[in-house]
Amino acid sequence: MGGADGLSRREFTTVGLGLGLAALVGCSGEGSAGGGDEDELVIGASLPLTGQFSQPGQEAGRGYRIWREMVNADGGILGRKVQLKITDDASSQDTVVSDYTRLITQDRVDFLLGTFSSLLNYPASAVAERQGMVFVEPAGGAENIFTRGFDHLFLAQPALSADQANTFVDWVKSLPAAERPTSAAYTTQDDPFTRPVIERLQGLLEDLGIRTVYTSVYPAETTNMQPIAAAIAGKKPELLAQGAVFQDGVGLVRALKQQDFSPKAFFQMSAPSNAGQYSKGVGTANTEGVFYSVSWHESAPTPLNKEFVTAYAKEYDNAVPAEDAADAFAAAQVLRAGIEGAKGTDQDKVAEWLHANEVETILGPLKWDKRGAPLGSFLLAQWQGGKVQIVSPEDAATTKTVIYPKPGWS
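Note that the coordinates shown come from a computational prediction; the quantities given were computed from them, not determined experimentally.

Analysis parameters
- Residues numbered from 1 in each chain as written.
- Predicted model: local features only at pLDDT ≥ 70, side-chain atom pairs only at ≥ 80, totals over all residues.
- Heavy atoms only, no water.
- Pairing = 2+ DSSP bridges.
- Helix = DSSP H or I, 4+ residues; strand = E, 2+ residues; numbered from the N terminus.
- Axes fitted to C-alpha atoms, helices over the stretch in contact; angles between N-to-C directions.
- Salt bridge = Lys/Arg side-chain N within 4 Å of Asp/Glu carboxyl O.
- Buried < 20%, exposed > 50% of the residue type's maximum accessible area, 1.4 Å probe, protein only.
- Phe/Tyr/Trp six-rings, centres within 6.5 Å; stacked < 30°, edge-to-face > 60°.
- Lys NZ or Arg CZ within 6 Å of the ring centre and 35° of its normal.

Chemist: Even after reading the chapter, I still don't get the pairing of strand E15 (residues 387-392), so can you show me in this structure?
Modeler: Moving residue by residue along a regular strand, the side chains alternate between the two faces of the sheet. For strand E14 (residues 379-384) and E15, the ladder comprises five bridges, and the chain directions are antiparallel. The residue bridging Trp383 from the neighbouring strand is Val388, located in E15. Here E14 folds back onto E15, and the loop between the two strands holds two residues, one of which, Gly385, carries a positive phi near 60°.

As structure tokens, then:
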């Protein structure tokens, strides 16, 4: 893995792409608004670079850093070069609160970008709101984040988390009645992001007459997926849906393979969007036919998307960006648009501009309701031939082929 990923030191600043680990560890946290160059715009964020959410957290860091390099090459924001100040919240709610408090009150950063996961963004966004600071988050679509009457909060994804179920349900509805799965199993990590999606999906599929044969909720720290896989295999559902983050998604595939059970249709959250890390974790052949909802695709003809994909590959060993990196890049695009639209750094004016306008991002155009919740819809993706294809909606599809039933494990 390239760049600053996996740093053990809790705090670092990035000076440019291409820095090795040793160089980054040597950085001293320069560039806070209180002591940095007045010509710089300092943007702070806390990310889970270690701990439970380290995989997507590190990807979000990559997305932020690539955006920083691209925006600075374009002259910065309002003529000011951007510096990022990123800390490691270690996937801890307590730490993320102290990190954002310090970024605001001690480091006096000019603006904030969000962390990863609903679990962390819920308390982090409350810190920002109390201080009257704009908070654009790349993840964190749990409904309860947007029921607190915040004025400065924005999610840079197409829709809230629960809506991820809609695209898959629409695909199931499109099947002739005789070809639809007749039974389903549901399992999810006990996480405010994944659980509502799986529970909504279960309800919608039950409304279609698909019989539920198994449900379970497992703790976030679960590493042994064998008992769950064995229970699922014993019920032999034709459809399986999992609310996964990353490691638990990889773990369930491995465990199902050991049980020699493969459903006709398999929908996973989040884990399949981690591009090469997912295919490496489960084996490329075992990605075949896996469905997931996604906010972004590498071949989307959106502004700057090609440049983002190229820059990511150049920096990270020709890898394809993970969705979490793209979402982070888009969050930074949203923040830039708000600052430039407001023609200044007044937090209230930036928030007002974002509430009133649509922003073009690599995810496509984004706009928000008064809560800061996005007003779009997700794409339905499927792994095919070792690559991700968009299969729905039709106007965004990258292929007309949908693999169903899913082939067995290799």
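Chemist: Is there a simple way to think about the sheet that holds strand E9 (residues 239-243) in this case?
Modeler: Hydrogen bonding along the main chain pairs the strands of a sheet, whether they run parallel or antiparallel. Taken together, seven strands build an open sheet; the order of strands is E8-E7-E9-E10-E11-E14-E15 and the sheet is mixed. Since the sheet does not close on itself, it has two edges, and those belong to strand E8 (211-218) and E15, each with one partner. Each strand of the sheet is rotated relative to its neighbour by a mean of 25°, with strand direction disregarded. Of the strand pairs in this sheet, strand E10 (residues 265-268) and strand E11 (residues 290-294) are connected by two bridges, and their pairing is parallel.

Chemist: Even after reading the chapter, I still don't get the pattern of salt bridges, so can you show me in this structure?
Modeler: Once their charged atoms are close, side chains differing in charge can pair, the charge on each being opposite to the other. The tally for this structure, following the rule as stated, stands at 11 salt bridges. Arg62 is the partner of Glu59 in a salt bridge, and the nearest nitrogen-oxygen pair spans 3.5 Å. Separated by three residues within a single helix, Glu59 and Arg62 lie in helix H2 (residues 54-73), roughly one turn from each other. The partner of Glu340 in a salt bridge is Arg336, with the nearest N and O atoms 3.0 Å apart. Placement of the pair is Glu340 and Arg336 together in helix H11 (residues 323-342), with a separation of four residues, close to one helical turn. On the basis of relative accessible area, Arg336 is assigned to the buried category, the value being 17%. Through salt bridges with shared partners, a single ionic network connects Asp74, Arg336 and Glu340.

Chemist: Please explain the packing of aromatic side chains as it appears in this structure.
Modeler: Think of a pair of aromatic rings as described by two things: how far the centres are apart, and how the planes are tilted against each other in angle. A complete count under the given rule lists 14 aromatic pairs for this structure. By way of ring pairs, the aromatic residues Phe168, Trp171, Phe267, Phe291 and Tyr404 are connected into one cluster. Looking at Lys406, its charged tip hangs above the ring of Trp409, at a distance of 3.5 Å from the centre.

Chemist: Looking at this structure, how should I read unusual backbone geometry?
Modeler: Negative phi is the rule for most residues except glycine; trans is the rule for most peptide bonds. Here the amide bond leading from Ser392 into Pro393 is cis, since omega sits at 0°, within 30 degrees of zero. Its place among the elements puts Pro393 in the segment after E15. Along the chain, Tyr404 connects to Pro405 via a cis peptide bond; the corresponding omega equals 0°. Note that Pro405 resides in the segment after E15. A positive phi angle, close to 55°, is found at Leu78, a residue other than glycine. For Leu78, the position within the fold is in the loop between H2 and strand E3 (81-88). You can call Leu78 partly exposed: its relative accessible area is 43%. The backbone of Ser91 shows a phi angle near 65°, a positive value even though the residue is not glycine. Position of Ser91 among the secondary structure elements: in the loop between E3 and helix H3 (93-105).

So, to be careful, I would describe these as geometric facts and stop short of saying anything about function.
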